[in-house]
Amino acid sequence: MKKVVILGAGSGGTLLANLLAHEFRREIEDGAVGVQLVGEGDDHVFQPGNLDVAFRGSDPASVVRRESSLLKKGVLQVTEGAAKVDLEQRVVTTRGGSKIPYDHVVFATGAVADPGLMPGLREGSLNFHEGPAEAARIWAALQGFEGGTAVVAITRVPHKCPPSPNEAAFMLDEFFRRRGTRGSVKIKFVTPYPRPYPAEQVSDVIQPLFEKRGIELVPFFAADHVDAKAKKIYSMEGESVDYDLLIAVPPHRGAEVVRASGIGDEEGWIPVDSRTMKVRDHPEAYAIGDATSIPISKSGVVAHLQAEAVAGSLALELRGGREVFEYNGRINCPMETGLRRALFVSGTYDSAPRRERPTLLRYAMKREFASIYWSTIQGGWSWLMDAYFGETSEPHELPA
Ligand SMILES: Cc1cc2nc3c(=O)[nH]c(=O)nc-3n(C[C@H](O)[C@H](O)[C@H](O)COP(=O)(O)OP(=O)(O)OC[C@H]3O[C@@H](n4cnc5c(N)ncnc54)[C@H](O)[C@@H]3O)c2cc1C
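Residues numbered from 1 in each chain as written. Predicted model: local features only at pLDDT ≥ 70, side-chain atom pairs only at ≥ 80, totals over all residues.

**A word on helix α9 (residues 300-318)**
Given a rise of 1.5 Å per residue, 19 residues ought to cover 27 Å, and the 26 Å separating the end C-alpha atoms of α9 matches this to within 8%. In terms of burial, α9 is largely enclosed, as 16 of its 19 residues are buried. Remark: G320 follows α9 within two positions and exhibits a positive phi of approximately 85 degrees. (Helix = DSSP H or I, 4+ residues; strand = E, 2+ residues; numbered from the N terminus. Expected span 1.5 Å × (residues − 1). Buried ≥ 20, exposed ≤ 12 C-beta atoms within 10 Å, placed from the backbone.)

**Some thoughts on helix α3 (residues 49-56)**
Burial runs high along α3: seven of the eight residues are buried. Regarding α3, the residues found buried are G49, N50, L51, D52, V53, A54 and F55. Buried positions along α3 lie against α5 (132-143), α6 (164-179) and α10 (360-376). Just past α3, the residue G57 takes up positive phi, approximately 75 degrees. (Contact = placed C-beta atoms within 7 Å.)

**A word on the domain arrangement of the protein**
Considered domain by domain, the protein is made up of domain 1 (2-110 + 255-328) and domain 2 (114-251). Centre-to-centre separation of domain 1 and domain 2, based on C-alpha positions: 31 Å. Taken together, the contact between domain 1 and domain 2 spans 16 residues of the former and 19 residues of the latter. For the side of domain 1 that touches domain 2, the element with the highest residue contribution is α3, accounting for six residues. For the side of domain 1 that touches domain 2, the residue count by class is eight nonpolar, six polar and two charged. (Domains from an automatic or database assignment. Nonpolar A, V, L, I, M, F, W, Y, C, P; charged D, E, K, R; others polar.)

**Details of the site of the ligand**
Near the ligand you find 36 residues, and of these G8, G10, G12, G110 and G289 are the closest. Residues belonging to the shell around the ligand are distributed by class as follows: 16 nonpolar, 16 polar and four charged. Per-domain counts for the shell around the ligand show at least three residues from each of domain 1 (2-110 + 255-328) and domain 2 (114-251). (Near = placed C-beta within 6 Å.)

**Notes on unusual backbone geometry**
A cis geometry characterises the amide bond from V157 onward to P158, with omega recorded as 0 degrees. Looking at the secondary structure, you find P158 in the loop between β11 (148-154) and α6. One non-glycine residue with positive phi stands out, namely M277, at about 70 degrees. Examined against the element boundaries, M277 turns out to sit in the loop between α8 (256-260) and β19 (278-279). The class for M277 is buried, based on 28 C-beta atoms found within 10 Å.

Here's what the structure looks like:
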């Protein structure tokens, strides 16, 4: 039997497992191919929904489903988490101590938002990156916030969903406007970048909107620590920003299993070929989504398109082919700009994001995606995704 083991049952890992289960349904039934998905527990979170929990008061339970209900027949689910991968021996050891041998392994272990990586951050701030429970604490804090300075801060990069801090600032502005208390709240946006968004073309659109909505930009602020008692966030240069409410994007790192397996960089991101998604020096191993060190958006769309590319490559490899699919770097991150408008940040490795005006249609598309997400990671809506994204990966012959 040829066995593929996928680590991480999030957006990328779940889709990949389902695509392989569909592709190899006969071989799986015959016992010629095995697809095993190693996750942590049985909860699957639709992470973009954290913003709705934090700023619209959605029920945290509404963004979570059972992973087992999302998997196609033929996927063997393991819920105890992976402790370590021995890439030489090709064996995964689970946290429970079981050994799972494989022919191909795929790391889809995501990124961890970890406030513990910055002194004072855990005590002094709230965030919507760790999960829906933490996001719900923002909604609770907003209910009692009568006035003062609300700060949205990017403490370090990279982090999941680059537009999400901008969205948080716009959604805060909208929240206070709808409450009728906007006049008594100062909103500050603290960022290490020189502008509101890393890509200049997008920033050119965001900057005037910040000015119009009265969101004050604090650029070039490389956060160092938070003094929770004094309610101040400090930069490495010793500057500080006072706050009454601090909503901070925590520093992110790769999953612990990456470090334990000795393949990540200092922060636990996995070096891969940015087109084939193969782990450097390990042609039988792949990494997709947030787990990699590729300098593009850590986003669900990227994880989705890379999962499709790797599913294509594995289908060829398991059947003895000599080709591999190459992902073209397509990104597509929606950014809500408040008051029912959104824009998309989209590009590829070869084309920078375009300047785009926020529209109601983009907002509707973003909102609607929440309901089709669960189907997309089961392989549904692929015709729509293909029509929208075009060819995002193509097979290429491997060098001899
Ligand atoms: C607030 C917010 C808003 C966002 N908005 C958008 C958006 O609008 N559009 C968009 O495209 N993306 C958005 N994203 C980003 C998107 O959710 C992630 O980029 C996407 O989920 C990445 O998919 P992934 O499969 O790489 O990782 P994840 O979906 O995070 O999955 C990783 C999985 O690996 C598991 N894991 C970790 N370690 C182990 C281990 N040792 N053993 C087994 N399993 C392990 C984790 O439990 C997790 O389930 C947003 C994220 C946040 C936080």
